[in-house]
Amino acid sequence: MPVSPTPTPRTAVPPTIVVVGHGMVGQRFLEALAERGLTPAAGGARVVVLCEEPRPAYDRVHLTSYFSGTSPEELSLVEEDFMEKHGIELYVGDPAEAVDREGRTVTSRSGLTFGYDTLVLATGSFPFVPPVPGKDATGCFVYRTIEDLLAIEEYAKTAKTGAVVGGGLLGLEAAGALRGLGLDTHVVEFAPRLMPVQVDEGGGAALLRTIEKMGLSVHTGVGTQEVTAGPDGAVTGMALSDGSALATDLVVFSAGVRPRDQLARDCGLEVGPRGGIVVDEECRTSDPAVFAIGECALASDGRVYGLVAPGYEMALTAAGVIAGGQASFTGADMSTKLKLLGVDVASFGDAHGAAEGCLDVVYADSRSGVYKKLVIGQDGTLLGGVLVGDADQYGTLRPMTGTVLPVAPEQLVLPAGAGGPVTLGPSSLPNEAVICSCHNVTKGAICEHATVPEVKKCTKAGTGCGSCLKVIGQLLPQPEDAGLCGCFAHTRSELYEIVRTLGVSSYAELLDSHGREGARGGDGCEVCKPTVGSIIASLAPAVGASGYVLDGEQAALQDTNDHFLANLQRNGSYSIVPRIPGGEITPEKLIVIGEVARDFGLYTKITGGQRIDLFGARVDQLPLIWTRLVDAGFESGHAYGKSLRTVKSCVGQTWCRYGVQDSVKMAIDLELRYRGLRSPHKLKSAVSGCARECAEARGKDFGIIATAGGWNLYVGGNGGATPRHADLLAQDLSDAELVRLIDRFLMFYIRTADRLERTSAWLDRIEGGLDHVRDVVVHDSLGLCDELERLMAGHVEGYRDEWAETINDPERLRRFVTFVNAPDAPDPSVRFVPERDQIKPDLDILAGPVLAVRTLEGSAS
Amino acid sequence: MTTTTEAPATTAMLQLLSPEGWFTVCERSLLTPGRGVAVLLPDGGQAAVFLDRAGRAYAIGNRDPFSGAYVLSRGLLGAAAGRPFVASPLLKQRFDLASGACLDDDGVTVPVYEVRLTG
Ligand code: SRM
Ligand SMILES: Cc1cc2nc3c(=O)[nH]c(=O)nc-3n(C[C@H](O)[C@H](O)[C@H](O)COP(=O)(O)OP(=O)(O)OC[C@H]3O[C@@H](n4cnc5c(N)ncnc54)[C@H](O)[C@@H]3O)c2cc1C
Ligand code: SF4
Ligand code: FES
C-alpha cells in the first residue's frame, strides 16, 4: 500500500517579467498577473518590480487627502503581504536606469541587472514645468508624489502666499491644498477658463464664481513669464504676461504632465512626436517583448491618457496578452467626476459637443454656481455632458451615454420645482450599463453582490476614484437588511435561536420555513449552508440531530474541508492534522506519524499549533491514512472545522522551575472537553504555567494563566491579521470553576456571534462588551447559565471521533474517491516534485490557459 | 445541459455527453443532492457532476480556472436568482452550472457538458 509520489523535475526555468515603475498602473498590472495565476507563487513567471519612489505604489488620485489627515500608509495600494504572498520581488527606491533590448536586461541605479523575457514599462508621467526664468528658485514645487507634498507642507510653514501655475484638474487640487495650509492662494491659468480640458465655457464660468467665492484669486488668460527670487534664492513673486506682478512666497507648477519615456527613448523604442511610448492595441511597444502601460504610453488611438481608469484597462490588457489570451485597449473615454474644493465637477462622453448636428440642453444658475449641460445627438441619443456644482446625476447619466434618454433631457437638468428633475434612479439602467468606469464594471456584475465590500473585493468597482460608490450603494440590497445572506433575512444568532427553540434539525426545513420568500424551496447558498450546518452541529444533542457532521442532509452543508474531514490544499490534495492534545505526545505516537508520512510520501511540518501536519494526501488515501492513525490511537484534530483547534500548553510546573500549576494537564483536559465543538469561527486556547506566559495564552480565544491560587481566565484574544490581547474575565479560579466558566463563555459565544466572527471581534461588537459578557457568564444576569452548561454537557457526552466513525462505515467511505466512475483511479492532476528532501505540489501540471477556457465542442451551454 | 426525469427510478443512471458520445457515469443514487462528484472522461479530462435539490443534474469542467486545481466537484451548490451555481472550494468563486460562466469574474468560464438521467 505504500504510495510514493512520482517526482517530475521542473523542466523549464520560468520566464521573467520585469516591471519598471510601481505606480498605480504598475500595481494594477501585478494584481492582474496574480488574478491570472501568473505570479511565482502560482507557479507562473518570476516577477521583478523596480520602484523609483521610496515607497510601494500608493493612491495618487487621492494624494491631496494627505492634507486632510490620510497618512501615507493609508494611501498605500498594496496589501501588506501582497508581494510575499505572490512571490513578487520588489526593489523600492531603485529605479531602472538602462535597458539592453538585445541582451534583454534591465539595470537599476544600484547596479542590479535583471534578465527579462517580458518587460513592462509603467513609468507614468512627470509634471511639466514651463521653461520660465527662476523656475528652480527655492520655494518652487511640483505636485505629483507624497514626497512633493511633504516638501510643500514643510515650506508652507514659513510662507504666507502661494501661487499655482495651471488651472486644470491638478492645479485646482493643489490650490485647494495650499489654501488648506493657510496660504493666500492664487491660480494662474493661461487658457481663458478653468479646467479647459474637462469643462466648456459655461462650466468654467460657474466653477470660477464658486471658487472665487471661497477666497481664491483666479487669473485666467495670463501666462507666467518669470519667477522672481530674492538674494537668498527664495521665491518672492511672479511676473505675468499681462505685465502685472504677483507677490508670492511659494509656487506650485501644475501645467500638465508629460509621459516619462526617457528610458524607452534611450533604448531605441519608438516614441510619439509629442512624447509617449508608442504601443499597439495589445499595449506592445515597437519591440514585441516590451509593453508600456499607463501614463507613459501613447495608445493606439494616438492619445496619452492622464487618468487612472484607462491606465488600469491597459494593465489588464497587457496582463491578458502576456497570459496568452486576447485583449486589446483601443481607447477610453475621459469621463471624470471630481469634487474640487468641495465643488462637484463632472464631464462625460462628448462633453464639448464635437459631434456633428448635436444640440446642447443647458441649465445655468450663477447664484448657486450650478451649470448643467447635456449634449444630445440628432436622433435623441445622449452623447455627453458637463455638470458643475451639482453632479448627483453623473452616476446615472454617464452609463446612459449612447442611448436615447427615457425622458425629455430638459427634465433631467432643470432643478426641482421647475418641471424637474426627474430622478432617473439606477434601477432604470440596463444591466450592461458600466457603473464603475475606473474598472469597467457593469450594473449586472455589481448586482450579483450583496454588500459594498464584496463588490469592491470581487469586481474592484468603487476602488478607483470612488465616484461610482453612491450608485453602487443604491443598486445593492439596502443595508437595514442585516440578514445572513440572500437566502435568510435573519442573522446567525437569530437562526441559532430559531433552531434551538423550534428544535429544527434540517437545513431544508429551516430554509423552507424561515428563508426569504424567493429562497424557500431552493438550493440555498455557500454562505448559509455551512453556517446552518454548524448551528445544527453545535446544538445536535439538544435538537435531536446526529452529532456526526456527514450524516444525511448535513453532508451537503459542509464546506469541502469538513466534507472530507481534511484541509484542501492549493493543488487539490489534502492535509491531515491528528489531534495532539496539549501538544504532548509519546515517542510511539511520534513514530507512527513518521511511519505514516513516510509510507504515503507525505510532506510533514510542525504547525504553529503544537502539532504535526501531513500534507499531500489524495482523497482516496485519506481513509487508508486514517485507518493507520486511528489504530494507533489518534483522533481527528478538526484542523478543517470551524471548531476547537488546539489548546497549546507550556511545560509548566512539572518541569519548569517557575511553574506554579500543571499547565499541560489542564490543556489536555480542556482540549479533550471541547474537541469537536462546532462554533461560528475557529476556537483556540492555551494554558501557561506561570505569568511568563510561554504558551501565549493571551493571544487565544480563551487563555488560561496559572497563579499561585489557581487559574486566571482571559477571553477574546486573537493572533492573525488583527492581533488582540485577551481580557481578564475572572481570577484565581479552581479547576472546576475554570471549566464551568469556559463552558458558559463558549456556549454564550456560539449562541450570539455572527458567522465567521472570532471571539475578539464578537467581544468588541456586542453591546456592553466584556462587562456584559462577565455579567452573563459570571453573575448569570440573564438566568442563562444553567442552560449554557447543559448544552455543553450535551456536547461533551455526545462527542465521537469523526474519523473513527467514518472508516468504520462503508457507506461513508464511498465518497472518498477521486472519480465516481473510476473509484480506483488516482487523480492525475495531484502530483508532486521534490524539495528539501520532501515533496511539494507540482503546480506546473495545473498551469495552462487559466482564463477563457473554451466550451467543449458538442455541448450545449 | 440539464434534463430531469419525472420519477427517479431506483436504477436511474446518469449519463454525460462527451465528444465521443453519451457515456454512463454512475448510478444516480451515488450523488448527494447539493454536492458534486468528479468524473473521469474518456479522453482523460475531468468533469464535475452535481445534483441540485430538485434532483436536476448538471455537469461542468472540474478544473478551477483560478487555481488550476481539479476541485470544482468538491464545492458547495447554491442558487443566485434561481440559477444554480457551485462555489469553488479553494477561493470561493461561483460558477453558473448551466452556462459555466463565473459569477465573480466576467469573462472566465468553465466548459459545460450535457447530462441526462435514464432508466
Ligand atoms: C498549519 C498552520 C500553519 C503551520 O504550518 O504552522 C495553519 C494553517 C492555516 N491557517 Fe492558521 N495555521 C496554523 C496556526 C495558526 C496560528 C497559531 C496558533 O494557533 O497558535 C494562528 C494565529 C492565532 C489565531 O488564530 O488567532 C493562525 C491564524 C490563522 C488565521 C487568522 C485568524 C484571525 O482571526 O485573524 C487564518 C484565517 C482564518 O481563519 O480566517 C488561518 C487559516 C489557516 C488555513 C486554514 C488557511 C486555509 O484556509 O487554507 C491554513 C490551513 C492549513 C491546512 O490546510 O492544513 N490561520 N494560524 C497552523 C496549524 C495549527 C494547528 O495545529 O492546527
Ligand atoms: C494630485 C493628483 C490627482 C489626480 N487625480 C486623478 C483623478 O481624480 N482621476 C484620475 O483618473 N486620475 C487622477 N490623477 C492621475 C493618476 O494619478 C494617474 O493617471 C495614475 O497615477 C497613472 O498611473 P501610472 O502608474 O501610469 O503612473 P504613476 O502612478 O505616476 O506611476 C509611475 C511610477 O513609475 C516610477 N518610475 C518612473 N520611471 C521609473 C524608472 N526608470 N524606474 C523605476 N520606476 C520609475 C515613478 O516614480 C512612479 O512611481 C491624479 C494625479 C495627481 C498627481
Ligand atoms: S509559562 Fe512559566 S511555567 Fe510555563 S514554561 Fe514559561 S516560565 Fe515555565
Ligand atoms: S468609477 Fe472610479 S472607482 Fe468606480
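The structure under discussion appears in the preceding block.
Let me sum up the structure you'll find in this document. (Residues numbered from 1 in each chain as written. Chains lettered and ligands numbered in written order. Predicted model: local features only at pLDDT ≥ 70, side-chain atom pairs only at ≥ 80, totals over all residues. Heavy atoms only, no water.)

Residue and element names in this part refer to chain A. Within helix H14 (residues 492-502), burial applies to Arg-492, Ser-493, Leu-495, Tyr-496, Ile-498 and Val-499. In the core, the buried residues of H14 are packed alongside helix H15 (507-514), helix H16 (528-538), helix H17 (540-543), helix H22 (735-752) and helix H25 (785-798). Positive backbone phi, approximately 65°, marks Gly-503, located one or two places after H14. (Buried < 20%, exposed > 50% of the residue type's maximum accessible area, 1.4 Å probe, protein only. Helix = DSSP H or I, 4+ residues; strand = E, 2+ residues; numbered from the N terminus. Contact = heavy atoms within 4.5 Å.)

For the rest of this paragraph, the subject is empty space enclosed by the protein. Residues and elements named next belong to chain A. Summed over the entire model, instances satisfying the criterion amount to three cavities of 30 Å³ or more. Each pocket or cavity is described by its volume, and for the largest cavity that value is around 50 Å³. If you go around the largest cavity, the residues you meet are Tyr-394, Gly-395, Arg-398, Ile-435, Cys-436, Ser-437, Cys-438, Cys-465, Ser-467 and Cys-468. Mapped by element, the contributors of at least two residues to the lining of the largest cavity are helix H9 (394-400) and strand S26 (434-436). Residue contributions to the lining of the largest cavity peak at three residues, all from H9. Residues of the lining of the largest cavity, tallied by class, amount to six nonpolar, three polar and one charged. (1 Å grid on protein atoms, 1.4 Å probe; cavity = no way out; pocket = protein on both sides within 12 Å on 5 of 7 lines; lining within 4 Å. Points joined across faces, edges and corners; volume = space filled by probe spheres on them. Nonpolar A, V, L, I, M, F, W, Y, C, P; charged D, E, K, R; others polar.)

Attention now moves to the site of ligand 2. Residue and element names in this part refer to chain A. Residues in contact with ligand 2 amount to 29 residues; listed here are only the nearest, Val-25, Glu-52, Glu-53, Arg-144 and Glu-295. Here a nitrogen atom of ligand 2 sits 2.9 Å away from a polar atom, N or O, in the main chain of Ala-96. Arg-144 is positioned with one of its side-chain polar atoms (N or O) 2.6 Å from an oxygen atom of ligand 2. Calculation on ligand 2 without its partners gives an accessible area of 990 Å², and the protein chains cover 95% of this total. (Near = heavy atom within 4 Å. Polar contact = N/O pair within 3.5 Å; in protein donor to acceptor, adjacent residues only side chain to side chain. Areas by Shrake-Rupley, 256 points an atom, 1.4 Å probe, with all protein chains shown as cover.)

Turning to unusual backbone geometry, a few remarks are in order. Residues and elements named next belong to chain A. Within the chain, Asn-440 stands out as a residue other than glycine whose phi angle is a positive 55°. Taking the relative accessible area as the measure of exposure, Asn-440 reaches 44% and is therefore partly exposed. In this structure, Asp-780 is a non-glycine residue whose phi angle is positive, near 55°. Looking at the element boundaries, Asp-780 is found in the loop between helix H24 (769-777) and H25. We classify Asp-780 as partly exposed; its relative accessible area is 30%.

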